[in-house]
Amino acid sequence: MSDVAIDNKLLLRMYRRMVMIRLFEEQVNDLYTRALMPGLAHLYIGEEAIAVGVCEALRSDDYITSTHRGHGHCLAKGAAIDRMFAELLGKEAGYCKGKGGSMHIADPDTGNLGANAIVAGSAGIATGAAFSSKRLGNGRVTVCFFGEGALGQGVVYEVMNMAALWKLPVIYVCENNMYNEYTHVSEAAAGDILARGPAFGVPSESVDGQDVRAVYSVTQRLAERARRGEGPSFLMANTYRFMGHHVGDISREYYRSKQEEQTWKSERDPIKVATEAILSQNIADRAALGRIQAEVKAEIEKAVQFAMAAPYPNVDEVEQDVYA
Ligand SMILES: Cc1ncc(C[n+]2csc(CCOP(=O)(O)OP(=O)(O)O)c2C)c(N)n1
């Protein structure tokens, strides 16, 4: 499972972060179903161990780029939950002053170069950031998150080629949740996904994306490799989204069975996997984990109240900070 030692404090911190993302996303779903949130959101529930394991293994000044399913990445890299909710509700206090919404959250202060509504849209941005870090010699690593659906986009292969030639410090993290909207990966991606990287000389490996310890360990090793100047790598994290493609995708039986969803939820929930590890190693007891959950719940409730009460941007500013 793990190839780098993980101390108890770190595991508890990662547990807390995963709980925060889970409760944040449940709250987003609730706001959407109560018609309080404009637009749509793509929930990350079920995939929390990837964002948390990867981002915990990075330095705070390392970069990430994210996707349309980006709340987990933003929170794992250190975004503030009140500003996240404010953005989702279209409020001035949000990360894009309420004008970007769920799929455009960026936070330069935490090295988050942005979510992206275009599938594979951040591949070029991440690779450019890695190029800049290499030129500046600042030792920063960039992680480019994308779903397996992005493997159908040519830009992914163009940037992998460049990153390999120029030995750029970038890790391409493919979150393979097996569904590209409503299409199973077997119907969208031909051949062996892991064979794509080696075609460009990019070392590639897969990891259990439901086990935060495994994700942390492998990312730490790949990040150190990138920092040593040994170039890019490709990591496929196997996972499952527990909810619909987006919040409105509520009848999913025409493309995947209830039984399949149930099995993942009961047997492969990343928070349950971490809970079992914590309890079996006597790192904390159920009461302590319950206290963490209660603390995170209180933080989330406070942040939602802040966002609900926050003002909308001034109508006179509707064209400011908008580029298209
Ligand atoms: C270039 C482009 N084509 C199509 C879409 C519509 N679209 C939005 S999400 C999505 C599926 C993406 O699947 P994947 O990359 O596996 O990520 P997941 O949703 O599974 O996290 C598609 C096709 C888009 N946003 N951008």
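These numbers were taken from a predicted model, which means no experiment stands behind them.

1. Details of the overall build of the protein chain
Looking only at helices and strands, one finds ten helices and seven strands in the protein chain. Against the compact-globule benchmark of 20 Å for 324 residues, the protein chain has a radius of gyration of 19 Å, which places it among compact chains. The dimensions of the protein chain, computed from C-alpha atoms along their principal axes, are 55 × 50 × 45 Å. Within the protein chain, the fraction of its 324 residues that count as buried is 47%. Contacts spanning at least 24 positions in sequence make up 78% of the contacts within the protein chain whose residues lie at least 6 apart.

2. Brief notes about the pairing of strand 3 (residues 170-176)
Taking burial as the measure, the seven residues of strand 3 include seven buried ones, the bulk of the element. Note that strand 2 (residues 142-147) and strand 3 share six bridges and pair parallel. For C144, the partnering residue across the bridge sits in strand 3 and is Y172. Read from strand 2 through helix 6 (residues 154-165) to strand 3, the crossover connection turns out right-handed.

3. Let's talk about the site of the ligand
Lining the immediate environment of the ligand, one finds 15 residues, of which R69, V119, G147, G149 and N180 sit closest. Looking at side-chain class alone, the shell around the ligand contains five nonpolar, seven polar and three charged residues.

4. Some remarks on the packing of helix 1 (residues 8-33) against helix 9 (residues 270-280)
With their axes 10 Å apart at the nearest point, helix 1 and helix 9 run at an angle of 155° to one another. One way to sum up the angle between helix 1 and helix 9 is to call them roughly antiparallel. Once helix 1 is placed against helix 9, the crossing between them reads as left-handed. Judged by residue contacts, L11, M14, Y15, M18, V19 and R22 of helix 1 engage P270, I271, A274, A277 and I278 from helix 9. Its residues placed into classes, the contact of helix 1 with helix 9 shows ten nonpolar, no polar and one charged.

5. So, the confidence of the model for the protein chain
Per-residue confidence for the protein chain gives a mean pLDDT of 96; residues scoring 70 or more make up 99%. Mean pLDDT in the protein chain bottoms out at strand 5 (residues 183-184), which sits at 97, and peaks at helix 2 (residues 48-56), which reaches 99.

6. As for helix 7 (residues 212-227)
An ideal rise of 1.5 Å per residue puts 22 Å on 16 residues; helix 7 measures up with 22 Å between its terminal C-alpha atoms. Considered for burial, the residues of helix 7 that qualify are V212, R213, A214, V215, Y216, S217, V218, T219, L222, A223 and A226. Buried residues belonging to helix 7 abut helix 1, helix 2, strand 3, strand 6 (204-208), strand 7 (233-238) and helix 9. Trailing helix 7 by a residue or two, G229 shows a phi angle of about 90°, which is positive.

7. Points about the packing of helix 5 (residues 123-136) against helix 6
The interhelical angle for the contact between helix 5 and helix 6, taken along N-to-C directions, is 10°, at an axis separation of 9 Å. Put simply, helix 5 runs roughly parallel to helix 6. Helix 6 is crossed by helix 5, and the crossing has left-handed handedness. From helix 5, A123, G124, T127 and A130 reach across to helix 6, where they touch V155, V156, V159, M162 and A163. Split into classes, the residues belonging to the contact of helix 5 with helix 6 amount to seven nonpolar, two polar and no charged.

Calculation rules
Numbering of residues starts from 1 in every chain and runs along the sequence as written. Under the rules for a predicted model, residues below a pLDDT of 70 receive no local features and side-chain atom pairs below 80 are neither given nor counted, while totals for whole chains, interfaces and linings still include all residues. Each helix corresponds to a stretch of at least 4 residues labelled H or I by DSSP, and each strand to a stretch of at least 2 residues labelled E; elements are numbered beginning at the N terminus. We compute the radius of gyration over the C-alpha atoms and compare it with the globule rule, which gives 2.2 Å times the number of residues raised to the power 0.38. Exposure criterion: with C-beta atoms placed from backbone coordinates, a residue whose C-beta has 20 or more other C-beta atoms within 10 Å is buried, one with 12 or fewer is exposed, and one in between is partly exposed. A pair of residues counts as a contact when their C-beta atoms, built from backbone coordinates, are separated by no more than 7 Å. Two strands pair if DSSP finds at least two bridges between them. By the criterion used throughout, a crossover qualifies as right-handed when its path from the first strand across the helix to the second strand runs clockwise, the strands pointing away from the viewer. The rule is simple: place the C-beta atom from the backbone, and if it lies within 6 Å of a molecule or strand, the residue is near it. The classification used treats Ala, Val, Leu, Ile, Met, Phe, Trp, Tyr, Cys and Pro as nonpolar, Asp, Glu, Lys and Arg as charged, and all other residues, Gly among them, as polar. To obtain each axis, a line is fitted to C-alpha atoms, and for helices this fit is confined to the stretch in contact; angles are then taken between N-to-C directions over 0 to 180 degrees. Each angle receives one of four descriptions, namely roughly parallel if under 35 degrees, roughly antiparallel if over 145, roughly perpendicular if within 65 to 115, and oblique otherwise. Note on convention: the crossing is left-handed when the near helix lies turned anticlockwise from the far helix by less than a right angle, right-handed when the turn is clockwise. Known as pLDDT, the predictor's per-residue confidence is scaled from 0 to 100. Expected helix span is taken as 1.5 Å per residue step, with the number of steps being one fewer than the number of residues.

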